[in-house]
Amino acid sequence: MNHRLLKTLPHCRRGIRWPLLLGGLLISLMSCPSSPPPKPEIAPPYIEEIPPEPKVTTTQGILTRMAALLEREDYDGALALFDEIDPAEAETSGLRLVKASILSSAGRSGEGRVIVEEIIAGEPENTEALFVLSSIEKSSGREREQRALLERILKTDPSHVQALNGLGNIARQARSFRTAAAYFDRALEAAPEDREALIGRADVYRRERKITEAEGLLNKAVSLYPQWSVGLSERARLYRNAGYPLQALADLDKAKVLAGNDYWIAYDRGNVLLDLNRKPEALEEFNRAIALDPEVFLAYVYSAGIKDDLGDYDGAEKDYITLARLEPEYYFAFEGIGCHKMRQGLWGEARDAFAEVYKQAPQEWAYALLTAVNWMRAGKPSDPRQFLEQALRRVQRETLPWYMLRLYYDLAGDNDVAIRIDRERNPELKAKMFYYLAEYYDARGNKNLADRYFLQVRELDQRYILEWRLNEWALEKRNMGNF
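Residues numbered from 1 in each chain as written. Predicted model: local features only at pLDDT ≥ 70, side-chain atom pairs only at ≥ 80, totals over all residues. Heavy atoms only, no water.

### Comments concerning the overall build of the chain
Regarding its fold elements, the chain presents 27 helices and zero strands. Split into buried and exposed, the 483 residues of the chain put 48% on the buried side. Sequence separation of at least 24 residues holds for 53% of the intrachain contacts in the chain that already meet a minimum separation of 6. Element-wise, carbon and sulfur atoms account for 48% of the exposed surface of the chain, whose accessible area totals about 24,600 Å². (Helix = DSSP H or I, 4+ residues; strand = E, 2+ residues; numbered from the N terminus. Buried < 20%, exposed > 50% of the residue type's maximum accessible area, 1.4 Å probe, protein only. Contact = heavy atoms within 4.5 Å. Areas by Shrake-Rupley, 256 points an atom, 1.4 Å probe, with all protein chains shown as cover.)

### Digging into the environment of Ala129
Tracing the backbone shows Ala129 in helix 7 (residues 127-139). For the pair Ala129 and Ile153, spaced 24 residues apart in sequence, the C-alpha separation works out to 9.7 Å. Those residues in contact with Ala129 that sit more than four places away from it in its chain are Leu97, Val116, Ile119 and Ile120.

### Remarks on the side chain of Arg201
With respect to the helices and strands, the residue Arg201 is situated in helix 11 (residues 195-207). Not counting residues up to four positions away in its chain, the partners in contact with Arg201 are Ala181, Phe184, Asp185, Leu188, Glu208 and Leu217.

### Observations concerning helix 13 (residues 229-241)
Taking 1.5 Å as the rise per residue, helix 13 with 13 residues should run 18 Å; its terminal C-alpha atoms sit 18 Å apart, in good agreement. Buried within helix 13 we find Ser229, Gly231, Leu232, Ser233, Glu234, Arg235, Ala236, Leu238 and Tyr239. Of the surrounding secondary structure, the elements contacted by the buried residues of helix 13 are helix 11, helix 12 (211-224), helix 14 (245-258) and helix 15 (263-275). (Expected span 1.5 Å × (residues − 1).)

### A few points about the packing of aromatic side chains
How two aromatic rings sit relative to each other is set out by the distance from centre to centre and by the angle between their planes. This structure, assessed with the given rule, holds 22 aromatic pairs. Ring geometry for Trp375 and Phe387: centres 5.6 Å apart, planes at 45 degrees, overall tilted. Of this pair, Trp375 sits in helix 21 (residues 365-378) while Phe387 sits in helix 22 (residues 385-392), placing them 12 residues apart in sequence. Owing to a relative accessible area of 26%, Trp375 belongs among the partly exposed residues under this scheme. Overall, the relative accessible area of 18% leaves Phe387 in the buried class. Between Tyr435 and Tyr436 the ring centres are 5.1 Å apart and the planes differ by 75 degrees, which places this aromatic pair in the edge-to-face class. On the basis of relative accessible area, Tyr435 is assigned to the buried category, the value being 0%. Put simply, the rings of Tyr263, Trp264, Tyr267, Phe286 and Tyr302 touch in pairs and so form one group of aromatic residues. Between Arg343 and the ring centre of Trp473, over which it is positioned, the NZ or CZ distance is 5.7 Å. Sitting above the plane of the Tyr409 ring, Arg385 keeps its charged end 4.0 Å from the centroid. (Phe/Tyr/Trp six-rings, centres within 6.5 Å; stacked < 30°, edge-to-face > 60°. Lys NZ or Arg CZ within 6 Å of the ring centre and 35° of its normal.)

### Re the nonpolar core
Judged by nonpolar contacts, the single largest core of 96 residues is most densely connected at Trp365, Tyr367, Leu370, Met404, Leu405, Tyr408 and Tyr436. The greatest single-element share of this core, amounting to 10 residues, is contributed by helix 25 (residues 427-443). The residues touching Trp365, leaving out its near neighbours within four places in the chain, are Val395, Pro401, Leu405, Leu429, Lys432, Met433 and Tyr436. Ile62, Tyr75, Ile102 and Ile120 belong to the second-largest nonpolar core, a separate cluster that totals 51 residues. (Core = buried A, V, L, I, M, F, W, Y, C linked by side-chain atoms within 4.5 Å.)

### Topic: unusual backbone geometry
Notably, Glu73 is not glycine yet its phi reads approximately 60 degrees, a positive angle. With relative accessibility at 39%, the residue Glu73 sits in the partly exposed group. In this model, Asp461 sits at a positive phi of 55 degrees, which is unusual for a non-glycine residue. The residue Asp461 is located in the loop between helix 26 (447-460) and helix 27 (466-477) in this model.

### Quick word on the packing of helix 23 (residues 400-410) against helix 24 (residues 414-423)
Remark: helix 23 packs on helix 24, axes separated minimally by 10 Å, with the N-to-C direction vectors making an angle of 160 degrees. In terms of orientation, helix 23 lies roughly antiparallel with respect to helix 24. Classified by chirality, the crossing of helix 24 by helix 23 is left-handed. Contacts between helix 23 and helix 24 involve Leu400, Tyr403, Met404 and Leu407 from the first element and Asp414, Asp416, Val417, Arg420 and Ile421 from the second. (Axes fitted to C-alpha atoms, helices over the stretch in contact; angles between N-to-C directions. Parallel < 35°, antiparallel > 145°, perpendicular 65-115°, else oblique. Left-handed = near helix turned anticlockwise from the far one by under 90°.)

### Observations regarding the confidence of the model for the chain
Mean pLDDT for the chain: 89, with 88% of residues reaching 70 or above. Contacts for the low-pLDDT stretch residues 33-50, under 50 throughout, to residues beyond four places or in other chains number nine contacts. (pLDDT = per-residue confidence, 0-100.)

### Some points on the pattern of salt bridges
Tallying each qualifying case throughout the model produces 43 salt bridges. A salt bridge links Asp308 to Arg469; its shortest N-O distance comes to 3.6 Å. Residue Asp308 is located in helix 17 (residues 298-310), and its partner Arg469 is located in helix 27; the two are separated by 161 residues in the primary sequence. Residue Asp308 is classed as buried on the basis of its relative accessible area of 5%. (Salt bridge = Lys/Arg side-chain N within 4 Å of Asp/Glu carboxyl O.)

### Regarding the environment of Gln386
Among the secondary structure elements, Gln386 is positioned in helix 22. A relative accessible area of 64% means that Gln386 is categorised as exposed. Once the C-alpha coordinates of Gln386 and Tyr409 are considered, the two residues, 23 residues apart in sequence, prove to be 8.4 Å apart.

### Quick notes on the environment of Met433
Relative to the helices and strands, Met433 is located in helix 25. Contact partners of Met433, with chain neighbours within four places excluded, come to Trp365, Leu400, Pro401, Met404 and Ile421.

### Overview of helix 25
The terminal C-alpha atoms of helix 25, which comprises 17 residues, lie 24 Å apart, in line with the 24 Å expected from a rise of 1.5 Å per residue. Of all 17 residues in helix 25, 13 are buried, a share of seventy percent or more. One side-chain oxygen at the N-terminal end of helix 25 lies 2.9 Å from the backbone nitrogen of Glu428; it belongs to Asn426. (Polar contact = N/O pair within 3.5 Å; in protein donor to acceptor, adjacent residues only side chain to side chain.)

### A short note on the packing of helix 26 against helix 27
One can describe the packing of helix 26 onto helix 27 by two numbers: an axis separation of 10 Å at closest approach and a directional angle of 130 degrees. What the angle tells us is that helix 26 and helix 27 run oblique. Both helix 26 and helix 27 take part in a crossing whose hand is left-handed. On the side of helix 26, the interface is formed by Phe454, Leu455, Val457 and Arg458, while helix 27 contributes Trp468, Asn471, Glu472, Ala474 and Leu475. Among the residues making up the contact of helix 26 with helix 27, the classes are represented as six nonpolar, one polar and two charged. (Nonpolar A, V, L, I, M, F, W, Y, C, P; charged D, E, K, R; others polar.)

Given below as structure tokens:
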């Protein structure tokens, strides 16, 4: 796989499927004694058939069904159940908070906000309502407002575990690990078995490279909550980063059984299988992640690279195209498109793809050369002259890349450039330069010299450079693809 493509992957944050407060609210409400079921009516003697007893529907039973629907992320189904709750009960603060939280999880934060703000207006120190509102602020990207609400909660209840966890997570995302640790420690002091606090504190230990301490907390989380996939997947992450892929895979196998529809478990499992060089299996997991959420771009990065390695070039190209659509600022996607367009001889499309890459990474002279050679092939050798004039200004004068760009600009001086390349001692730079010299000769119609320099690239055996694969494809087209 082309690991160059992975260098600029952004850190990916995991999300929870539905707010943890909602789970706490449901558990709290379900534990309260419910109203007794209505007594069945007794049929008078003169009626021959006794009617069946009416179906007993308690609020507690409805909440149990609601929790099951939320585990499946069926928010519409969960909201529909409120119609079955006695209207008077449905207007209590607790149930209104549950509804507001579900609305927020369903992407209807505005409706949830109205409910919560009405509750807070009447109960300004209702910490559960304040926390639901903080979750809505978080989902709206209003971190400052979220933090202010969490701090307001702690003024009323200094041991409010969810508020402490929330502030710990904000600090963790800001890489203020000492602050994050303090919040998680306070949460664990108040609730030693709180699973979010265990996970958060373990993550801080992991970032501090305190592997033993992190593993201890994650072991505790897994032991206390064996049916919770997050504990297993987080421990797998620790094991993978510590260099124990087999242990990581074992945890992810269990997590997959518990949460087979979790994108991140599929994504993480694909990465571990890739670490173990089990590429076909890794590809299956990345494809599974894509099927679970086709709008998240990360899995396409890996699936495209693996397909390239396995020779599924059409599949790789499709993934690069999707990747470019989903994350246009991830310019390696356009690099992949450009390479595959070159492979097919679609010079104009290759030029446009590499031009996009060069636009985003103007410091990389190789993209300027790839744009230029495809431009030359798509039309006349002099067509990219104005483009190259601009590119030359961005490269240090009298360096080997500058001389190569100058060759493409002047369309003369190839002997001088060849001599300079022969003198170069850096094998990676030398291989790159031979490749662009070969492409120059090929675009100018000098097949013999092109063949000579394509073969010299192969002899240098610099397999991790972008130009290596392009060079191999060029040799295959010339029936010179075998060593």
